[in-house]
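# Descriptive analysis of the structure
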Amino acid sequence: MAPTMDNAAEGANVSSPDGAAGAIETRGIEPVPDHERHGRVRELFPTWVAANISVLLLTMGAALVVFNKLNFWQVLVVAACAALVSFGLVGVLSVSGKWGGAPGAMLSRATFGVRGNLFPGAILWVARFGWETINAVTGAYAVLTVLDLVLGVKSNTVLIVVTLFAFVACTFLVSGMGRKALNVCNTWSTYLFGVFSVLVLGYLIANIKWDEVFSRPAGTTAMMIAGVGTIAAGGISWVPTGPDFARYLPHAASGKKIVGATVSGAGIVMVPMVLMGAVMAVATPKLADAPDPVSFLGDILPTWLAVPYLITAIVGMLLINSLSMYSAGFTAQTMGVKLPRAMAVSINAFISLAGGLLLMLVAKSFLSSFITFLILLAVSFSAWIGVYAVDMARRRSRAVRYDAEALMDTGRTSRYWYVGGFCWQAMTAWGVALLAGLAFTDCAWFSGPLSSTFVGKYGLGWAATILISAAVMAALPVPRENAAEAVTVAEPAEPEKVPAA
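Residues numbered from 1 in each chain as written. Predicted model: local features only at pLDDT ≥ 70, side-chain atom pairs only at ≥ 80, totals over all residues. Heavy atoms only, no water.

As annotated in an unreviewed UniProt entry, the protein carries the name Cytosine permease and comes from Streptomyces luteosporeus. UniProt's Sequence similarities (unreviewed entry) comment on the protein is quoted here verbatim: "Belongs to the purine-cytosine permease (2.A.39) family." (UniProt positions renumbered as here; feature names shortened; annotations may be inferred.)

From N to C terminus, the protein includes 19 helices and zero strands. Put simply, the protein has 501 residues, and 59% of those count as buried. When the accessible area of the protein is evaluated, it comes to approximately 19,200 Å², of which 70% is carbon and sulfur surface. (Helix = DSSP H or I, 4+ residues; strand = E, 2+ residues; numbered from the N terminus. Buried < 20%, exposed > 50% of the residue type's maximum accessible area, 1.4 Å probe, protein only. Areas by Shrake-Rupley, 256 points an atom, 1.4 Å probe, with all protein chains shown as cover.)

Tracing the backbone shows Lys256 in helix α11 (residues 255-283). Sequence separation between Lys256 and Val92 is 164 residues, and the spatial gap between their C-alpha atoms is 8.3 Å.

Enumeration over the complete set of coordinates arrives at 11 aromatic pairs. Relative to Phe245, the ring of Trp48 lies with its centre 5.6 Å away and its plane at 85 degrees, an arrangement referred to as edge-to-face. Of this pair, Trp48 sits in helix α2 (residues 44-50) while Phe245 sits in the loop between α10 (221-236) and α11; the two residues are 197 residues apart in sequence, bridging distant segments of the chain. The pair Trp48 / Phe245 is uniform in exposure class, with both members buried. Of note, Arg401 hangs over the ring of Trp99, and the distance from its end group to the ring centre comes to 4.3 Å. (Phe/Tyr/Trp six-rings, centres within 6.5 Å; stacked < 30°, edge-to-face > 60°. Lys NZ or Arg CZ within 6 Å of the ring centre and 35° of its normal.)

So, on to the nonpolar core. One finds Leu93, Trp238, Leu297 and Tyr309 to be the most contacted residues of the largest nonpolar core, which totals 141 residues. For this core, the leading source of residues is α11, giving 17 residues. Apart from the residues within four sequence positions on either side, Tyr309 is in contact with Leu58, Phe193, Phe196, Ser197, Val200, Met273, Met276, Leu297 and Leu301. (Core = buried A, V, L, I, M, F, W, Y, C linked by side-chain atoms within 4.5 Å. Contact = heavy atoms within 4.5 Å.)

This paragraph deals with the packing of helix α3 (residues 56-66) against α11. Close contact between α3 and α11 brings their axes to 7 Å; oriented N to C, the two are set at 55 degrees. For the element pair α3 / α11, the angle class is oblique. As for the relative orientation of α3 and α11, their crossing is right-handed in sense. Contacts from Leu57, Leu58, Gly61, Ala62, Leu64, Val65 and Val66 in α3 reach Met270, Met273, Val274, Met276, Gly277, Ala278, Ala281 and Val282 in α11. Partitioning the contact of α3 with α11 into residue classes produces 13 nonpolar, two polar and no charged. (Axes fitted to C-alpha atoms, helices over the stretch in contact; angles between N-to-C directions. Parallel < 35°, antiparallel > 145°, perpendicular 65-115°, else oblique. Left-handed = near helix turned anticlockwise from the far one by under 90°. Nonpolar A, V, L, I, M, F, W, Y, C, P; charged D, E, K, R; others polar.)

This part is about a nonpolar patch on the surface. Judged by side-chain polarity, Val150, Leu151 and Val153 come together as a nonpolar surface patch covering roughly 260 Å² of accessible area. By secondary structure assignment, the location of Val153 is in the loop between α6 (118-151) and α7 (157-177). Using a relative accessible area of 31% as the deciding quantity, one classes Val153 as partly exposed. (Patch = residues over 30% accessible without salt bridge, like charges linked within 9 Å, V, L, I, M, F, W, Y side chains within 5 Å. Salt bridge = Lys/Arg side-chain N within 4 Å of Asp/Glu carboxyl O.)

Turning to the pattern of salt bridges, a few remarks are in order. On inspection of all chains with the given rule, the structure shows four salt bridges. Across the salt bridge formed by Lys154 and Asp148, the nearest N and O atoms sit 3.0 Å from each other. Residue classification places Lys154 among the exposed residues on the basis of a relative accessible area of 55%. For Asp148, a relative accessible area of 29% gives the class partly exposed. Among the salt bridges present, the one from Arg395 reaches Glu481, with a minimum N-O distance of 2.9 Å. Pair noted here: Arg395 is in helix α15 (residues 366-395) and Glu481 is in the segment after α19 (461-475), with a separation of 86 residues, a long-range link. Glu481 gets classed as buried once you look at its relative accessible area, which sits at 15%. One continuous salt-bridge network, built from bridges that share partners, spans Asp391, Arg395, Arg415 and Glu481.

This brings us to unusual backbone geometry. Even without being glycine, Lys69 reaches a positive phi, approximately 60 degrees. Considering the arrangement of structural elements, one finds Lys69 in the loop between α3 and α4 (72-100). Residue classification places Lys69 among the exposed positions, given a relative accessible area of 51%. At Tyr418, a position not held by glycine, the phi torsion is positive, near 55 degrees. Among the structural elements, Tyr418 can be located in the loop between α16 (404-408) and α17 (424-440).

Further remarks concern the confidence of the model for the protein. Fine structural detail should not be taken from predicted coordinates in areas where pLDDT scores are low. Here the protein averages 81 in pLDDT, and 81% of its residues register 70 or above. The least confident element of the protein is helix α1 (residues 5-10), whose mean pLDDT is 37; the most confident is α19, at 96. Within the model, the stretch residues 1-22 combines pLDDT values under 50 with 52 contacts to residues more than four positions away or in other chains. In this model, residues 484-501 is a region of pLDDT below 50 whose contacts with residues beyond four sequence positions or in other chains number 43 contacts. (pLDDT = per-residue confidence, 0-100.)

Along the chain, Ser86 falls in helix α4. Among the polar contacts listed, one links the side chain of Ser86 to the backbone oxygen of Ala82, at a separation of 2.6 Å. Beyond its immediate sequence surroundings of up to four residues, Ser86 is in contact with Ala232, Gly235, Ile236 and Val239. (Polar contact = N/O pair within 3.5 Å; in protein donor to acceptor, adjacent residues only side chain to side chain.)

Before going further, it helps to examine the environment of Arg42. Checked against the element boundaries, Arg42 lands in the loop between α1 and α2. The exposed category is assigned to Arg42, whose relative accessible area is 58%.

Here it is in structure tokens:
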């Protein structure tokens, strides 16, 4: 199949065969050929540990106690369920990355069509801007807190601008280096953050009044379910980018191990940090409504522990944003941005800087803005998840799961052209589910017409969105790819064990 002119332009960033193995990754959205797939499943564990090293989890755990009125054991259940559900989805859909060797935004072309993919891609891209802005702001606040604790330097407008700019610039540089550099950083940050988290946990065990923690009355089931949605929203935002980190895995990599490494890596951080936030909130109820999500650590922990813990958290949040921007570069390229991946990331960096300044200098409540953003984030990503999961399940039994040439072909000859470049079944399911999810949503910015229903009251709009998009996609006729473009790809000698999507 001859590439089109569009394809030639899009493939301008194709790296040399060994380019991905160097210190700086040069590969863009083009699928990774089999001979370059030297990744190992165990590399996913530190990746998803690093993706959750955020003090925002402490604030969210505190919110479960202060706002949802949950007790310690309920918070434990909520945190565990949120990690299992959200990163279970990340793990399952990550399997498609090793099937096609391409980023999630690229594989999504096979689901929605060459042109149709631009619509959900645009929304996912915008949502990622918001997520990166929140993380950049949190990182900047952490830097400001360290400066206050160590040097006594108080926050001011100029310092806010400087710290935010420095944090975003560092994120941009790390994300531009690519997968190999991120894997090394993730591994070391996992060790460091693990050590200091154990120290913080030990301090809390020795100094918190546990009789007050365990004497709190239980909250309602509705607030527990709503809490799962709030905590899970962060993990759900990683689902479309899960394949990005599995695309260097060989075809024979175990799907079950991919899911296991993803869930365990995320859960080992999410659960204890949410619990620590809940415990801290019992001693300091104002934690959940603090003007920023970080400074409270200076009040709860001694300086000798708060400073190194915050420094490792800063590194962790920098890596979270780097992972996000790494994937955002692929999304930008898929959307038609004619820049190498590292340069495409600069768009996200600029928007994170502008949005961060608004949030730090203009917004009155960080937590209110954050919770509202999480609610909308979960809905916007959930509509994509249901459609993609059904399409992935159908491809599981096919001899040809993804056609590498067709993914790069943006012309009418593409196998994924469908009708006018759109897969109308996927577009219909996605659009219906997105509107339904917003109708169930109740947040500070607006209330949908169905927000007073059972689904709305229990904060299950995100779950309903996934189910609706999957159900509509499954009920519509199976999309017909351009059969004339079908090719045969090598599959593992033995049937692989892959979890059902």
